[in-house]
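Examination of the molecular architecture
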Amino acid sequence: MITRTVSKNPRTTLGDLVNDLQRAGTKVTKATISNTLRRQGLKSCSARGVPLLKPVHVQARLKFAREHLDDPEEDWENVI
């Protein structure tokens, strides 16, 4: 059940899994769930924190987008 839940929704927290199992009548700790997932080959990770855009950056991006709005597709073929 634990592995299936995490596979369907990778953003599930250990706390959510503990609560789900308690509702099902099983009492486990976060460490037990973590060890079980690790044994199954699933590792935990944290989302990378990205800096928020400052108003100056937002304006610069909008300016660039407006300047290049009508560019033909040929100009963008070599960008990606």
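Residues numbered from 1 in each chain as written. Predicted model: local features only at pLDDT ≥ 70, side-chain atom pairs only at ≥ 80, totals over all residues. Heavy atoms only, no water.

The protein is annotated in an unreviewed UniProt entry as Transposase Tc1-like domain-containing protein of Pogonophryne albipinna.

Here we come to the packing of aromatic side chains. Within a pair of aromatic rings, the relevant descriptors are the distance that separates the centres and the angle that separates the planes. With the rule as written, the count across this model stands at one aromatic pair. Seen from their ring centres, Phe-64 and Trp-76 are 6.4 Å apart, and the 85 degrees between their planes marks the pair as edge-to-face. Of this pair, Phe-64 sits in helix H4 (residues 55-67) while Trp-76 sits in helix H5 (residues 73-76); the two residues are twelve residues apart in sequence, bridging distant segments of the chain. Residue Phe-64 is classed as partly exposed on the basis of its relative accessible area of 44%. Overall, the relative accessible area of 34% leaves Trp-76 in the partly exposed class. (Phe/Tyr/Trp six-rings, centres within 6.5 Å; stacked < 30°, edge-to-face > 60°. Helix = DSSP H or I, 4+ residues; strand = E, 2+ residues; numbered from the N terminus. Buried < 20%, exposed > 50% of the residue type's maximum accessible area, 1.4 Å probe, protein only.)

So, on to the UniProt feature "domain: Transposase Tc1-like" (unreviewed entry) in the protein. In the UniProt entry, the feature "domain: Transposase Tc1-like" (unreviewed entry) is given for residues 1-70. Across residues 1-70, helical content stands at 57% and strand content at 0%; the span's end C-alpha atoms are separated by 52 Å. (UniProt positions renumbered as here; feature names shortened; annotations may be inferred.)

The next subject is the layout of surface pockets. Volume-wise, the largest pocket comes out at about 540 Å³. Around the largest pocket sit 16 residues that line it, and Pro-10, Thr-12, Lys-43, Ser-44 and Cys-45 are the ones nearest its centre. With three residues, the top contributor of residues to the lining of the largest pocket is helix H3 (residues 30-39). Across the lining of the largest pocket, the residue classes break down as eight nonpolar, five polar and three charged. (1 Å grid on protein atoms, 1.4 Å probe; cavity = no way out; pocket = protein on both sides within 12 Å on 5 of 7 lines; lining within 4 Å. Points joined across faces, edges and corners; volume = space filled by probe spheres on them. Nonpolar A, V, L, I, M, F, W, Y, C, P; charged D, E, K, R; others polar.)

Before going further, it helps to spend a moment on the environment of Val-58. Summarising the element assignment, Val-58 is placed in helix H4. The exposure class of Val-58 is partly exposed, given its relative accessible area of 32%. When the C-alpha positions of Val-58 and Gly-25 are compared, they lie 50 Å apart, and in sequence the two are 33 residues distant.

A surface patch of nonpolar side chains, about 220 Å² in accessible area, is lined by Leu-53, Val-58 and Leu-62. Tracing the backbone through its elements, the reader meets Leu-53 in the loop between H3 and H4. (Patch = residues over 30% accessible without salt bridge, like charges linked within 9 Å, V, L, I, M, F, W, Y side chains within 5 Å. Areas by Shrake-Rupley, 256 points an atom, 1.4 Å probe, with all protein chains shown as cover. Salt bridge = Lys/Arg side-chain N within 4 Å of Asp/Glu carboxyl O.)

Looking now at the packing of helix H2 (residues 14-23) against H3. Two elements in contact, H2 and H3, have axes whose closest approach is 9 Å; the angle formed by their N-to-C orientations is 105 degrees. In terms of orientation, H2 lies roughly perpendicular with respect to H3. Residues Leu-14, Gly-15, Leu-17, Val-18 and Leu-21 of H2 form the contact with H3, whose own contacting residues are Lys-30, Ile-33, Ser-34 and Leu-37. Its residues placed into classes, the contact of H2 with H3 shows six nonpolar, two polar and one charged. (Axes fitted to C-alpha atoms, helices over the stretch in contact; angles between N-to-C directions. Parallel < 35°, antiparallel > 145°, perpendicular 65-115°, else oblique. Contact = heavy atoms within 4.5 Å.)

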